[in-house]
Amino acid sequence: MENREQQKTWEDIKNIWNNSSENKEINIQMSELLIELKEKTSQFEKDAIRKDVELIKGTMSQFEKKIITSAFKFVRRIIQKFKGN
Amino acid sequence: MQNQPNQAFEELIEANKGRIYRVCRIYAVNPIEPEDLFQEVVYQIWRSYASFKGESAINTWIYKIALNVCIRFKEKLNKRNDKTIRLNAIHVIPKETTNTYDDEKYNALRSCISTLKPIDKSIVVLSLEELSYKEIAKVTGLSENHIAVKMKRIRKVLLNCITKKIK
């Protein structure tokens, strides 16, 4: 159980906290804000799509390389078999 | 009719800018400024606004977003490809009547809060914002009982710390 002094200190803490937004004035130009937010959201979507496309391209190249490498190995094995025979 | 969602968003931000700023200020650690966090929070609220279906009270929802942004901001800065949001429509201006003694008290409080574990920091921030334990539980995902137990300990820690620093 807190004593009276501790309760008063907690009230002081709450006052310090509540006043912590009072040292600054927050001015928001709302019409401009909405325009900026809409632009940034569109840009975010464009960036996300571009990242996805790059990822797919990179992955596809890697996939194609793997397929070609496997095919080469297979062909080499077949050739070695014929040479051996 | 088309402007109603925009107007509702504007009113939401205007009504809650003080709350958002207080949360951002406690989490801003050099070189991160409260204004940086504030802009990011507003942006994330905008992005999530359309999908907000009223499952929770709007202020609880805002606090959840603000805490997520503030806690993850440092990680976001460290990622090379991730850019921070810059919203020129938001201006945070120091007031001329700033009292240096109040600043000292705030810095002492911030220093004490910074000694808490991240989850305890979130809890005390929400408590100082006068959310009920039920609301804090909704934001943090912990049970009300757990919040109550933690708050008892957090209050003790903060009271001891603040008493040493400013009394």
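Criteria and cut-off values
Residues numbered from 1 in each chain as written. Chains lettered and ligands numbered in written order. Predicted model: local features only at pLDDT ≥ 70, side-chain atom pairs only at ≥ 80, totals over all residues. Heavy atoms only, no water. Disulfide = S-S within 2.5 Å. Buried < 20%, exposed > 50% of the residue type's maximum accessible area, 1.4 Å probe, protein only. Salt bridge = Lys/Arg side-chain N within 4 Å of Asp/Glu carboxyl O. Helix = DSSP H or I, 4+ residues; strand = E, 2+ residues; numbered from the N terminus. Phe/Tyr/Trp six-rings, centres within 6.5 Å; stacked < 30°, edge-to-face > 60°. Lys NZ or Arg CZ within 6 Å of the ring centre and 35° of its normal. 1 Å grid on protein atoms, 1.4 Å probe; cavity = no way out; pocket = protein on both sides within 12 Å on 5 of 7 lines; lining within 4 Å. Points joined across faces, edges and corners; volume = space filled by probe spheres on them. Nonpolar A, V, L, I, M, F, W, Y, C, P; charged D, E, K, R; others polar. Axes fitted to C-alpha atoms, helices over the stretch in contact; angles between N-to-C directions. Parallel < 35°, antiparallel > 145°, perpendicular 65-115°, else oblique. Contact = heavy atoms within 4.5 Å. Expected span 1.5 Å × (residues − 1). Arc of directions from axis to C-beta. Buried area = accessible area lost by both parts, 1.4 Å probe. Polar contact = N/O pair within 3.5 Å; in protein donor to acceptor, adjacent residues only side chain to side chain. Patch = residues over 30% accessible without salt bridge, like charges linked within 9 Å, V, L, I, M, F, W, Y side chains within 5 Å. Areas by Shrake-Rupley, 256 points an atom, 1.4 Å probe, with all protein chains shown as cover.

Caption draft 1: How the structure looks around the state of the cysteines. Residues and elements named next belong to chain B. Across all of its chains, the model carries one disulfide over all chains by this definition. Cysteine C24 shares no disulfide, and the gap to the nearest cysteine sulfur, in C70, comes to 4.1 Å. Note on C70: relative accessible area 6%, which makes it buried.

Caption draft 2: A look at the pattern of salt bridges. Using the criterion set out here, one finds ten salt bridges over all chains in the structure. One salt bridge in this structure joins A:D12 and A:K8, with 3.3 Å as the shortest N-O distance. On the criterion of helical spacing, the pair formed by A:D12 and A:K8 is a turn pair, its members being four residues apart in helix α1 (residues 4-19). Across the pair A:K14 and A:E11 runs a salt bridge, and its minimum N-O distance is 3.5 Å. Of this pair, A:K14 and A:E11 both sit in helix α1, separated by three residues, roughly a single helical turn. The class of A:E11 is partly exposed, set by a relative accessible area of 42%. Ionic contacts of the salt-bridge type, sharing partners, join the residues B:D120, B:K150 and B:R153 into one network.

Caption draft 3: Local environment of the packing of aromatic side chains. Residue and element names in this part refer to chain B. The full count for this structure, using the stated rule, is five aromatic pairs over all chains. A centroid spacing of 5.6 Å and a plane angle of 65° characterise the contact between F9 and Y49, whose relative ring orientation is edge-to-face. Here F9, found in helix α1 (residues 3-27), pairs with Y49, found in helix α2 (residues 34-49); they are 40 residues apart in sequence, far enough to count as distant. In terms of burial, F9 and Y49 fall into one category: buried. Lying over the aromatic face of Y106, R25 brings its terminal NZ or CZ to 3.8 Å of the ring centre. Its guanidinium or amino end placed over the ring of Y27, K121 lies 4.4 Å from that ring's centre, counting from NZ or CZ.

Caption draft 4: Broad picture of the layout of surface pockets. Residues and elements named next belong to chain B. The calculated volume of the second largest pocket comes to roughly 430 Å³. Y27, V29, C70, K74 and K121 are, among the 21 residues lining the second largest pocket, the residues nearest its centre. Elements with a minimum of two residues in the lining of the second largest pocket: α1, α3 (58-78), α4 (100-113) and α5 (118-128). Residues belonging to the lining of the second largest pocket are distributed by class as follows: 13 nonpolar, four polar and four charged.

Caption draft 5: Summary view of the packing of α5(B) against helix α7 (residues 144-166) of chain B. Residue and element names in this part refer to chain B. In the contact formed by α5 and α7, the axes pass within 10 Å of each other and the chain directions differ by 90°. If you check the angle between α5 and α7, you find them roughly perpendicular. Within the contact between the two elements, α5 uses I119, D120, I123, V124 and S127 and α7 uses I147, K150, M151, R153, I154 and L158.

Caption draft 6: Fine view of α4(B). Residue and element names in this part refer to chain B. Taking 1.5 Å per residue, 14 residues should reach 20 Å; α4 reaches 20 Å between its end C-alpha atoms and fits that length. Residues of α4 that are buried: Y106, A108, L109, C112 and I113. Down the axis of α4, the smallest arc covering the buried residues is 155°, so these residues share one side. Across α4 from its buried face, at more than 90 degrees, point the exposed residues T100 and E104.

Caption draft 7: Expanded view of the interface of chain A and chain B. Listed as interface residues are 30 residues of chain A and, on the opposing side, 47 residues of chain B. When residues of chain A are sorted by the area they lose upon contact with chain B, A:W10, A:W17 and A:I26 head the list and together hold 20% of the total. For the pair chain A and chain B, the number of links is two salt bridges. For A:E22, the salt bridge goes to B:K95, with nearest N and O atoms at 4.0 Å. The interface formed by chain A and chain B contains 13 residue pairs in polar contact (both at pLDDT 80 or more).

Caption draft 8: The packing of α1(A) against α5(B), seen in detail. Direction vectors running N to C along α1(A) and α5(B) enclose 85°, while the axes themselves pass 10 Å from each other. Taken together, the axis directions place α1(A) and α5(B) in an arrangement best described as roughly perpendicular. Listed contacts from α5(B) to A:W10, A:I13, A:K14, A:W17 and A:N18 of α1(A) are B:V124, B:V125 and B:L128. Its residues assigned to classes, the contact of α1(A) with α5(B) comprises six nonpolar, one polar and one charged.

Caption draft 9: Structural view of a nonpolar patch on the surface. A cluster of nonpolar side chains, namely A:F74, A:V75, A:I78, A:I79 and A:F82, defines an oily patch on the protein surface of about 480 Å² accessible area. Along the polypeptide, A:F82 turns up in helix α2 (residues 30-84).

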